[in-house]
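What follows is the residue order along each chain.
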Amino acid sequence: MNINLPNFNVKNLVKEAGSTISRVVQLTEEKLGTTERTEYDLHFQNLAERADVTKSWTEKIVRDTESVLIPNPQNRVEDFIFEKIEKTKPKRLSNLEHLALDMIEAGGDFGQDMAYGQALIKVGQAEQKLGQCEHDFIATSGICFTQPLRKFLDGEMKTISKERGILETKRLDLDACKNRVKKARSMLGQQSKDGISPEVVFEQAERDLRVAQAEFDRQSEITKLLLDGISTSQASHLRHLHAFVQAQVRYYKQCGDVMEQLQRELANLGGPTPYIPLDVNEAGGAGNKSNTSGGSSGRGSNNNSNNQATAGQPINVNTDQMHRARVLCSYDAKDHTELNLSANEVIFVTECSPLNEDYMYGKQGLMKGLVPRAFVEMLDEQDIPF
């Protein structure tokens, strides 16, 4: 049986091993400060530091973005493997789409003639649309943002790292030649060793030094050119970032449109408990704006009081003038600015400032908030103020 063994050049292996050991010794001596070291110029150091920072933050941004787009780490690993073997990524349902399918199926079982069944089907269909919007957003973000950044890391940054490694090797060779020249200069005037005069050894060491210096300078220029290109890369990354933001804007706009349509469909269903559409603008921003129309109507005063509470600012009340009041019937607070009330309990209340025709300001133990005026009855005025 013939076995073809690879041809090993023992001399080259020994030479490479010796060179590696020499560099390890040289690096150790540099760390200990027992030998001289050729330092890079300040401009090169700044470029190298910027490259290291760019590489580190780009890796983190890509990793974090992929975690946002695909929260499941197992799915991210699968996608990475399929990408490396150049196979089509598997199509998987998102959590929204799983929810949508279950809602639609449940709505069918409950009965499409029932209000709850109809609502489940409508919501499920909307969740399907949201899931498709999410798929489109993930695909677009990958194309316009994460893939270009990862291509930069796998291409340009790897090339820079490779050239910097070569430059470091050239630096070590240059320092080794400097040490040989220094040693050969100290041997001048001494007797010949092994038939070679110290002058010949010195001349050879100087020639090697000139060659090593030229190679180091050439590699240094190549590496500097690559490091200077980081600025151009960051300008490109800025364009990719803008594209990512635009993809997010389109995604959330599409989601908002889907939910607006869903609200209209639910409101049209009617039923024993009809859906009341939520005004997104009013819910999101109007609560933080003060009512400038004055307190001429009860509704305007009510909005003003609620706005003050929502903004986290205390309502202007005089707690020294609080009086006891009995709750006539139970009341569930509509939001965090109101108090939950139980029938027949006694609380302390006072007027709001400015006066609110519908609400009073109440204190219930340690809890404070708005109380509907119609739900409380003031006790006799002889009670001692709180």
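This report concerns the structure included in the present document. The structure presented is a predicted model; accordingly, all values stated were derived computationally and were not measured.

Comments concerning unusual backbone geometry
Thinking step 1. Between Ser 353 and Pro 354 the backbone carries a cis peptide bond, its omega angle lying at 5°.
Thinking step 2. Looking at the element boundaries, Pro 354 is found in the loop between strand 2 (346–350) and strand 3 (359–364).
Thinking step 3. The backbone phi angle of Asn 344 is positive, close to 75°, even though this residue is not glycine.
Thinking step 4. The topology assignment puts Asn 344 in the loop between strand 1 (323–327) and strand 2.

As for helix 5 (residues 115–186)
Thinking step 1. Along its 72 residues, helix 5 runs 100 Å from first to last C-alpha, staying within 8% of the 106 Å computed at 1.5 Å per residue.
Thinking step 2. Bending of helix 5 peaks at approximately 50° at the position of Gly 142.

What about the sheet that holds strand 1?
Thinking step 1. A sheet is described by the order of its strands in space; here five strands give the open sequence 4-3-2-1-5, paired in antiparallel fashion. A single partner strand is all that each edge strand has here, and the edge strands are strand 4 (367–372) and strand 5 (376–378). The average undirected angle you get between the axes of adjacent strands in this sheet is 45°.
Thinking step 2. Pairing of strand 1 with strand 2, which is carried by four bridges, proceeds in the antiparallel orientation. Considered in strand 2, the bridge of Arg 324 is made with Phe 348.

Describing the pairing of strand 2
Thinking step 1. Pairing geometry for strand 2 and strand 3, over three bridges, is antiparallel. Looking across to strand 3, one finds that Val 349 is bridged to Gly 362.

Thoughts on the layout of surface pockets
Thinking step 1. Considering only enclosed or pocket space, the largest pocket measures out at about 1,200 Å³ in volume.
Thinking step 2. Around the largest pocket, the lining comprises 35 residues; the ones closest to its centre are Leu 69, Ile 70, Asp 79, Arg 92 and Ile 138.
Thinking step 3. Elements that contribute at least two residues to the lining of the largest pocket include exactly helix 2 (42–69), helix 3 (73–84), helix 4 (95–110), helix 5 and helix 7 (230–269).
Thinking step 4. Sort the elements by how many residues they give to the lining of the largest pocket and helix 5 lands first, with 12 residues.
Thinking step 5. Split by residue class, the lining of the largest pocket holds 13 nonpolar, nine polar and 13 charged.

Definitions and limits used
- Residues numbered from 1 in each chain as written.
- Predicted model: local features only at pLDDT ≥ 70, side-chain atom pairs only at ≥ 80, totals over all residues.
- Heavy atoms only, no water.
- Helix = DSSP H or I, 4+ residues; strand = E, 2+ residues; numbered from the N terminus.
- Expected span 1.5 Å × (residues − 1).
- Bend = angle between axes of the 7 residues up to and from the residue.
- Pairing = 2+ DSSP bridges.
- Axes fitted to C-alpha atoms, helices over the stretch in contact; angles between N-to-C directions.
- 1 Å grid on protein atoms, 1.4 Å probe; cavity = no way out; pocket = protein on both sides within 12 Å on 5 of 7 lines; lining within 4 Å.
- Points joined across faces, edges and corners; volume = space filled by probe spheres on them.
- Nonpolar A, V, L, I, M, F, W, Y, C, P; charged D, E, K, R; others polar.

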